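# Examining the three-dimensional arrangement
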Amino acid sequence: MTESASITGIRLGLCCIFLEQPIKFRNTTVKSISGMNRDAALVKLSGLCLANADALLASLQFCAENGIGCFRINSQILPVKTHADCRYDVSELPDGDEIVRCFKACGKFARSHDLRTCFHPDQFVVLNSPRPEVVERSIEELEYQSEVAEWVGADVVNIHGGGAYGDKTKALDRFSAFLSRLSDRARSRLTVENDDVTYTPSDLLPVCRSEGIPLVYDVHHHRCNQDELTVEEATTQAISTWNREPMFHLSSPLEGWKGPKPKRHHDFINIVDFPECWRNLSLTVEVEAKAKEVAVLKLMKQLSQKWLVYILRCADGSLYTGITNDLERRIQQHNAGTASRYTRSRLPAILVYHEPQPNQSVSLKRELEIKALPREAKEKLIQSAM
């Protein structure tokens, strides 16, 4: 695991594309390809696939250089690969062998830099659909993404449970039944994720256990679509389904949890939404935020910060309470007269108490609690640490 990720014991994951970095994946439309003769279409697709292999390598290099431990590969890394009007095999492409070689080179780079890769097929992949044509298309898509996953060494191809179709039990029975139609390379990489509308962790865990499918626990979805499990309980039970490093998902609501549509994702992660019970785990957390790499790097910095609540005894005997993520520097600022108007006229100020807190938000709440204590209670708190 990278140095930055190991600060928290968490491998953070970047999803598919970039906000600010000049790394772009290329795509095309069905209309464009179907309007060309077959040979010309294959030439165009070949060029797009090669360009995307290059973009993937650049993405992995960025992740390695910035301490991002996982990269989710876009489902259209091989554009329109399984579309009914355009489908193709890589061996049909003029540069087919070179395309495979380039993707395998990406896998080699990922392994040498301890980077994890994964896939998350689009919403049309529904294994438990009652419509045979939807299941057929879903299996074809899973097989395609699993083939590329094999080239690059990705160990996760993650899908949602699917629809309920009026009967969750029967729908999940269909899900289990269709698993037998997957190849070994697809079946061994398949994971399932709780969603924000239909399937909760407690709905999916029995299937995960009986079929040996890991649960990708999405804590945002769970908070939107709750069951009887707490976040801590769901975390523990999801981890138990994995035979390798677990992968979870994290996002924050665009307008807060009291906003009108909490299912919508924010540009960034509110650090308060990062479950405290995850902090000391060996875990991949994919960051599903619209600010992409900017959001991942910001969260990484926040997770590495060590917040403290502290109490100073001033020269006049009064007590001052504050918070910081750099205690030594903050004390120096106080005694230089640059940290607080209150302590500036009561120097020197001596540190008499401090306690760690998981993040800035909790620190602020604890600071207010301590400030509200009577003097006697503050002195007892100070004595308790001696």
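With that out of the way, let us pick up the confidence of the model for the chain. Atom-level detail of predicted coordinates should not be read off regions where pLDDT is low. Overall, the prediction assigns the chain a mean pLDDT of 95, with 98% of residues at 70 or greater. Confidence drops under pLDDT 50 across residues 1–7; counting only partners more than four residues distant or on other chains, this segment forms 15 contacts.

One open sheet holds the three strands; their spatial order is β10-β9-β11, and the pairing between them is antiparallel. Every interior strand has two partners, whereas the edge strands, β10 (319–324) and β11 (350–357), have only one. Recorded for the sheet is a direction-independent mean angle of 20 degrees between the axes of neighbouring strands. In terms of strand pairing, strand β9 (residues 307–313) meets β10 through six bridges, oriented antiparallel. Among the inter-strand pairings, Tyr310 is bridged to a residue of β10, identified as Gly322. In the packing of helix α12 (residues 327–335) onto the sheet, the strands contacted are β9, β10 and β11, and the crossing angle to β9 comes to about 35 degrees. Docked against the sheet, helix α15 (residues 375–384) engages β9, β10 and β11, running at close to 115 degrees with respect to β9.

Tallied over the full model, the rule gives 24 salt bridges. A salt bridge links Asp155 to Arg244; its shortest N-O distance comes to 3.2 Å. Of this pair, Asp155 sits in the loop between α5 (132–152) and β4 (156–160) while Arg244 sits in the loop between α10 (231–239) and β7 (247–250), placing them 89 residues apart in sequence. With relative accessibility at 23%, the residue Arg244 sits in the partly exposed group. Linked through salt bridges whose partners overlap, the residues forming this network are Arg11, Asp114, Arg116, Asp155, Arg244 and Glu245.

The rules behind each value
- Residues numbered from 1 in each chain as written.
- Predicted model: local features only at pLDDT ≥ 70, side-chain atom pairs only at ≥ 80, totals over all residues.
- Heavy atoms only, no water.
- pLDDT = per-residue confidence, 0-100.
- Contact = heavy atoms within 4.5 Å.
- Pairing = 2+ DSSP bridges.
- Helix = DSSP H or I, 4+ residues; strand = E, 2+ residues; numbered from the N terminus.
- Axes fitted to C-alpha atoms, helices over the stretch in contact; angles between N-to-C directions.
- Salt bridge = Lys/Arg side-chain N within 4 Å of Asp/Glu carboxyl O.
- Buried < 20%, exposed > 50% of the residue type's maximum accessible area, 1.4 Å probe, protein only.

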